[in-house]
Amino acid sequence: MSTFTIASIPKEELLAPGHRMCQGCGAAIVMRHLLKALGRNVIIAHATGCVEVTTTLYPETAWRVPWIHVAFENAAAVASGIEAALKSLKKKGFLSYEKRVKVVAIGGDGGTVDIGLQALSGMLERGHDVLYVLYDNEAYMNTGIQRSGATPLYAWTTTTPAGSVWRGEWRRKKDIIGIVKAHGVPYVATVNFAYISDFYTKLRKAAEIEGPTFIHAYSPCVPGWRYEPHLTVKIAKLAVQTGIWVNYEIEKGVFRVTTPVPKRLPVEEYLKAQGRFAHLTKEEVEAIQKLVDEDIEYINKIAGATLIGPVEKK
Amino acid sequence: MGKLMPLSGNYAVAYAAKAADVDVVAAYPITPQTAVVEKLAEFVANGELNAEFLHVESEHSALSAVVGASAAGARVFTATSSQGLLLMYEIMHIASTMRLPIVMGIATRAISAPINIWCDHSDFMAAADAGWIMFMAINAQEAHDLVITAYRIAEDPGVHIPVAVGYDGFIVSHTIEPVNVIEKEEALSYAPKRATWFILNPEKPITMGSLASPEWYYEFRVQLQKAIENSKEVISTAFREFRQHFGREYREADGYYTDDADVVLVTMGSITGTAISYAEEARKAGLKVGILNIRLFRPFPEEEVFKHIERAKVVAVIDRAINPGSSFVGPLYSEMVVTAFKRGLDVPIANYVIGLGGRAVLRSHLDLIVKHAHGLSGKKMRDIESHYTFVGVRE
């Protein structure tokens with residue numbers, strides 16, 4: 001694998017302009033670079049969700065690669081079927097091409113950690129040669145910002161409103177990486193497009209490895225997280241700098257932090273940038289800080305070194 | 001031609017999928033379908049069938065996986081029953097409107113609650129409006145033959161609609177009968193493998209399963225309706241050529257003694273066998289009974305059906321399922337009433353619901369039905385007090 005530089009990002013756009021994703025949409029950035037990283041030799045199976053509805057309004061499509069959407073909860077099962085078909089047709093000599101084609105399943109957080117979890121588990125356990133990409137915008141954004149199993153603590157959503165009794169979401173984000181990892185798959189990684197070189201390196205690695213691989217992509221949502229469209233990459237960067245999001249990979253069971261953060265920013269910097277956390281009290285911010293500190297301590301422990309540093313006091 | 005083997009309905013279906021040289025099988029075990037999955041696994045394990053076998057984690061994923069495989073150009077097979085079919089229901093509609101030539105076996109079974117593993121047609125009928133072509137076999141030989149015919153029909157460039165072949169749970173699925181097994185070469189000469197439909201190919205990228213706004217959605221649904229309507233001609237050609245290839249003759253609907261029958265008993269599935277044997281006996285006793293077996297339920301073969309009821313004094317329709325709260329109660333009954341009414345036939349058409357949840361259907365039940373129906377002779381539809389009767393049930 002050659003070293004990645006910004007100049008080596010392919011010029012070819014495989015996600016056509018004219019799609020209907022929001023201005024500043026994090027998922028749009030994920031999809032554009034995912035396609036650039038993987039190239040033309042892919043077949044994509046997409047779960048129902050924001051990206052699916054905004055890129056394929058008939059009779060138009062933004063996808064310049066073969067693409068299929070069937071339903072919400074079954075992207076992993078559809079991808080399994082496609083992969084099995086390619087395998088069988090190749091073996092029987094019915095395939096019109098020789099090259100390796102990577103089957104890629106894409107789902108949002110609802111389509112992956114909630115309704116699609118069973119199909120995902122089946123796909124991982126059966127060992128299909130499929131790359132599964134989760135673009136995580138931390139709620140059901142397609143239906144208008146309802147909480148999912150991936151919604152973070154205290155986040156406002158339309159089904160976890162901040163009122164006199166509820167203070168936004170009161171449960172922690174589901175550990176999807178832990179669930180995927182438990183299937184013993186060869187490669188699992190988190191990516192954040194504010195760190196684009198890390199993003200490309202991992203997508204390509206995940207596509208090259210034979211077998212089921214999983215990428216968890218951080219995907220900010222302008223209307224759902226309530227911030228101005230020009231702040232998407234800044235918020236993505238803050239997520240890593242505060243330790244809310246850690247870029248890492250687990251290759252054949254070996255854990256590696258890929259974006260070390262020597263000095264962390266307080267989580268408040270991240271939270272105050274988004275309207276979904278606008279209702280938080282000082283105590284609630286401190287509670288989140290404490291949980292993040294604990295997560296970071298654990299990550300450093302399994303990494304065997306302090307790769308994510310302490311919070312830098314202002 | 002072919003080889004005579006003692007096979008259960010389930011095995012007959014598995015042998016048919018093998019003969020069709022399917023590329024991908026995805027199925028999940030459920031009683032009474034399980035033996036199909038087991039047999040296909042055995043074929044793949046022994047190298048008798050060169051296919052990818054997906055041990056999916058649910059029926060929802062079974063159908064989703066064959067949708068994906070079919071979209072990638074593979075010839076696919078799945079099978080299920082009852083709750084499994086209901087779990088597939090969402091994807092059944094998607095498979096048909098996406099026009100993928102999937103073939104599925106349905107060992108028919110009651111649906112919960114209460115949970116019940118025995119035969120009726122509740123599952124088959126619940127799935128009958130999902131845009132699939134739907135056959136019902138009366139025995140293992142038919143189940144075998146119809147699965148092979150199904151590929152020929154589904155993959156026809158003018159059709160591209162998934163096909164389901166129903167066969168009665170246990171009564172057909174588990175009864176061992178002599179079956180003339182079609183060999184692969186024969187099956188492929190009758191139903192050659194060619195990807196006639198649009199497929200996912202990196203050399204020629206297409207988008208499948210897109211979002212259609214109110215400006216476009218309607219056309220997709222109408223195209224499906226037109227295609228399933230047009231499939232009637234393809235089905236009839238497929239049956240004609242099946243006879244040329246294999247010597248066995250099938251029709252969309254079969255009449256037995258319907259030419260001069262006073263009462264025509266309309267049946268689907270394994271009851272047909274009992275009904276024919278009953279009719280032979282009843283005729284000796286002077287009752288002019290005819291039997292009409294419905295083999296093709298979707299598209300409903302109205303013309304063929306009408307030929308067998310137009311001279312009847314009474315039409316007695318047997319249903320093994322109910323649509324609770326509907327104006328018609330039995331799903332087959334509704335088809336028969338509409339078929340008759342559209343052609344101006346105003347004789348009593350009565351509905352008899354029987355054998356739900358595997359309750360035994362006896363010749364004596366059929367005798368009761370025919371005698372009851374006979375009592376309606378000479379009346380008009382509006383003169384009948386109750387259009388439906390539950391037979392063999394506790395009051």
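See the structure above.
Calculation notes
Residues numbered from 1 in each chain as written. Chains lettered and ligands numbered in written order. Predicted model: local features only at pLDDT ≥ 70, side-chain atom pairs only at ≥ 80, totals over all residues. Helix = DSSP H or I, 4+ residues; strand = E, 2+ residues; numbered from the N terminus. Rg over C-alpha atoms; globule rule 2.2 N^0.38 Å. Buried ≥ 20, exposed ≤ 12 C-beta atoms within 10 Å, placed from the backbone. Contact = placed C-beta atoms within 7 Å. Pairing = 2+ DSSP bridges. Right-handed = clockwise from strand over helix to strand, strands pointing away. Nonpolar A, V, L, I, M, F, W, Y, C, P; charged D, E, K, R; others polar.

K.L.:
In this structure, what is going on with the overall build of chain B? I would like to understand it.
P.N.:
Broken down by element type, chain B carries twelve helices and 16 strands. Computed over C-alpha atoms, the radius of gyration of chain B comes to 21 Å, within 12% of the 21 Å expected from 2.2 N^0.38 for 395 residues, which places it in the range of a compact globule. Taking the principal axes of the C-alpha coordinates as reference, chain B spans close to 65 × 55 × 45 Å. Evaluated residue by residue, chain B yields a buried proportion of 56% over its 395 residues. Taking contacts inside chain B between residues at least 6 apart in sequence as the whole, the part at least 24 apart equals 80%.

K.L.:
Explain the overall build of chain A to me, please; I cannot follow it from the model alone.
P.N.:
Per the secondary structure count, chain A includes eleven helices and eight strands. Rg of the C-alpha trace for chain A: 19 Å, near the compact-globule value of 20 Å for 314 residues, within the 12% margin. With respect to the three principal axes, the spread of C-alpha positions in chain A is 65 × 45 × 40 Å. Taking all 314 residues of chain A together, the buried fraction comes to 51%.

K.L.:
Which parts of the structure should I look at to understand the sheet that holds strand β4 (residues 130–136) of chain A?
P.N.:
Strand pairing within a sheet occurs via backbone hydrogen bonds; the two strands may be parallel or antiparallel. Reading across from one edge, β8(A)-β7(A)-β5(A)-β6(A)-β4(A)-β3(A)-β1(A)-β2(A)-β9(B) is the order of the nine strands in this open sheet, with mixed pairing throughout. At either end of the open sheet lies a strand with only one pairing partner, and these are β8 (254–257) of chain A together with β9 (207–208) of chain B. Bridge analysis of strand β7 (residues 248–251) of chain A against β8 of chain A gives four bridges, and the strand direction is antiparallel. Paired with Glu251 of chain A across the bridge in β8 of chain A is Val254 of chain A.

K.L.:
Before we go on, may I ask you to explain the pairing of strand β1 (residues 42–46) of chain A in this structure?
P.N.:
Looking down a regular strand, the side chains alternate between one sheet face and the other. Residues and elements named next belong to chain A. Of all the five residues making up β1, five are buried; the element is thus mostly covered by neighbouring parts of the structure. Here β1 shows a buried face lined by Val42, Ile44 and His46 and a second buried face lined by Ile43 and Ala45. Relative to strand β3 (residues 102–108), β1 is paired through five bridges, and the arrangement is parallel. By the bridge assignment, Val42 is partnered in β3 with Lys102. Viewed along the sheet, the connection from β1 through helix α2 (residues 50–55) into strand β2 (residues 67–69) turns out right-handed.

K.L.:
What should I look at first to understand the interface of chain B and chain A in this one?
P.N.:
Frequently, the measure chosen for interface size is the accessible area that the parts lose on association. If you look at the interface, chain B gives 40 residues, while chain A gives 43 residues. For the side of chain B that touches chain A, the leading source of residues is helix α3 (residues 59–71) of chain B, giving nine residues. Class assignment for the residues of the side of chain B that touches chain A results in 22 nonpolar, 13 polar and five charged. Across two bridges, the pairing between β2 of chain A and β9 of chain B is parallel. Bridge pairing in β9 of chain B links Trp67 of chain A to Thr207 of chain B.

K.L.:
Hey, could you run me through unusual backbone geometry in this one?
P.N.:
In most cases, non-glycine residues show a negative phi, while peptide bonds are predominantly trans. All names here are of chain B. With omega at 0°, the peptide bond leading from Thr31 into Pro32 counts as cis. With respect to the helices and strands, Pro32 occurs in the loop between β2 (24–26) and α2 (34–45). The linkage connecting Ser112 with the following residue, Ala113, adopts the cis geometry, with an omega of 0°. With respect to the element layout, Ala113 can be found in the loop between β5 (103–108) and α5 (122–126). Its identity is not glycine, yet His160 carries a phi of approximately 50°, on the positive side. Its place among the elements puts His160 in the loop between α6 (140–154) and β7 (163–168).

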